[in-house]
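Each chain is listed here by its residues.
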Amino acid sequence: AQSVTQLDSHVSVSEGTPVLLRCNYSSSYSPSLFWYVQHPNKGLQLLLKYTSAATLVKGINGFEAEFKKSETSFHLTKPSAHMSDAAEYFCVVSDGANNLFFGTGTRLTVIP
Amino acid sequence: DTGVSQNPRHKITKRGQNVTFRCDPISEHNRLYWYRQTLGQGPEFLTYFQNEAQLEKSRLLSDRFSAERPKGSFSTLEIQRTEQGDSAMYLCASSGQGQETQYFGPGTRLLVL
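These numbers come from a predicted model, not from an experiment.

1. Observations concerning a nonpolar patch on the surface
Judged by side-chain polarity, B:Ile12, B:Leu111 and B:Leu113 come together as a nonpolar surface patch covering roughly 300 Å² of accessible area. Following the sequence through the fold, B:Ile12 ends up in strand 2 (residues 10-13).

2. Points about the side chain of B:Asp86
Examined against the element boundaries, B:Asp86 turns out to sit in the loop between strand 8 (75-79) and strand 9 (88-95). Here B:Glu83 takes part through its backbone nitrogen, which lies 2.8 Å from a polar atom of the side chain of B:Asp86.

3. Some remarks on the interface of chain A and chain B
Accessible area lost on assembly of the parts is the figure often given for the size of an interface. Taken together, the 21 residues of chain A in the interface contact 19 residues of chain B. A combined buried area of about 1500 Å² lies between chain A and chain B, and 46% of that area is made up of carbon and sulfur atoms. For the chain A face of the interface with chain B, the top three residues by lost area are A:Leu44, A:Asn98 and A:Asn99, together amounting to 33%. Put simply, chain A and chain B have zero salt bridges between them. Looking at the side of chain A that touches chain B, the elements that each hand over two or more residues are strand 5 (32-38), strand 6 (44-50), strand 10 (87-94) and strand 11 (100-102) of chain A. By residue number, the principal contributor to the side of chain A that touches chain B is strand 5 of chain A, which donates four residues. Across the side of chain A that touches chain B, the residue classes tally to eight nonpolar, eleven polar and two charged.

4. A closer look at the sheet that holds strand 7 (residues 65-68) of chain B
Residues and elements named next belong to chain B. Spatially, the four strands line up as an open sheet ordered 1-3-8-7, and their pairing is antiparallel. Edge positions in the open sheet fall to strand 1 (5-7) and strand 7, since each of these has one partner strand only. Each strand of the sheet is rotated relative to its neighbour by a mean of 15°, with strand direction disregarded. Relative to strand 8, strand 7 is paired through four bridges, and the arrangement is antiparallel. Bridge assignment links Ala 67 to a residue of strand 8, and that residue is Leu 77.

5. Some thoughts on the pattern of salt bridges
One pass over the structure, following the stated rule, counts seven salt bridges over all chains. Put simply, A:Asp85 and A:Lys78 hold a salt bridge, and the shortest N to O gap is 2.8 Å. Residues joined in a network through salt bridges with shared partners are B:Arg64, B:Glu83 and B:Asp86.

Quick notes on the rules
- Along each chain, residues carry numbers from 1 onward, in the same order as the chain's sequence is written.
- Each chain is given a letter, starting from A, and each ligand a number, starting from 1, according to the order in which they appear as written.
- At least 70 in pLDDT is required for a residue's local features to be given in this predicted model, at least 80 for side-chain atom pairs to be given and counted, and no such filter applies to totals for whole chains, interfaces and linings, which use all residues.
- Hydrogens are left out, water is left out, and the side-chain values use all remaining heavy atoms of the structure.
- The patch calculation keeps residues exceeding 30% relative accessible area without a salt bridge and links them within 9 Å when they carry like charges or within 5 Å when they are nonpolar (Val, Leu, Ile, Met, Phe, Trp, Tyr).
- What sets the accessible areas is the Shrake-Rupley method with a 1.4 Å probe; for residues, cover comes only from the shown protein chains.
- By salt bridge we mean one thing: a side-chain nitrogen of Lys or Arg within 4 Å of a carboxyl oxygen of Asp or Glu.
- The way it works is that DSSP assigns letters per residue, a run of H or I at least four long becomes a helix, a run of E at least two long becomes a strand, and they are numbered from the N terminus.
- A 3.5 Å cut-off defines polar contacts: any pair of N or O atoms within that distance qualifies, except that in protein one atom must be a possible hydrogen donor and the other a possible acceptor, and neighbouring residues in sequence count only when both atoms are side-chain atoms.
- A contact between two residues is defined here by any heavy atoms of the two lying within 4.5 Å.
- Here the quantity called buried area is the accessible surface, traced with a 1.4 Å probe, that two parts lose on coming together, added over both.
- Gly counts as polar in this scheme, as do all residues outside two lists: the nonpolar Ala, Val, Leu, Ile, Met, Phe, Trp, Tyr, Cys and Pro, and the charged Asp, Glu, Lys and Arg.
- Between any two strands, at least two bridges found by DSSP are needed for them to pair.
- Throughout, an axis means a line fitted to C-alpha atoms (over the contacting stretch in the case of helices), and angles, computed between N-to-C directions, take values from 0 to 180 degrees.

Next up, the structure:
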C-alpha cells in the first residue's frame, strides 16, 4: 500500500530564510511522488513531481525536492522564503493506477 | 480560463436535503476524479471516471453518494439525505490519457446544518 507521512503539521520561518518541509513515503514499488500547494480559497496547485528520472526535482516558485530511496524521503525545500509562500503543502504518492494518496499537510507560515 | 471549474463554490444545506455539485474538467482530459477534504486533512479519493465510465469507487463513497459523467465531459456528484458528517470540501481533478499529474479545481465547500 502507498502512503505518505508529513512530519510537521506546522512550520514557521522568517522571510528570506530557508524552507524545509519533510515527507516520508511508503510504497511497495518505485513511486511517483508529488508536492501540491493549497492557498486559501484556491485549488491545489502542482509544485513538482518525481517520476523515477532525476532524484533532484525542480518545481515552480523556486521550490525543489530530493528523492532519497535509502531514507524513503521526499523533502521539499526552498532557499529563501517569500511572504507569498504561506500556504498548506501536501506531499502525495501515486499508486500508479490513477489514485493519489495525500499526506495530512504542512501549514507554512512566513514571518515578515 | 482553461482550468478545472467547479460549481457552486459554496453550499449550505439542511440535514436530509439532497445536493448536487458540478465539475467541468480541462477540455482535452479524459480522466476525472472526485476527492473529499475535511478540515485539517488531506484530500481523500472518492471516485474516478475515464471518459463516461466510472472505473473505481472508494469505500468512502456510501450509497447516498452518486457520481455521473454522462457524455464524458462534465461530471456531477450528488449527495442524498445529507448528514452533518458530509460537511467538507469536495474537490474535482482531471488528467490526460496516460498522465499521472492531476489538475484540481477550486472545490465546493459544503456545510450541512
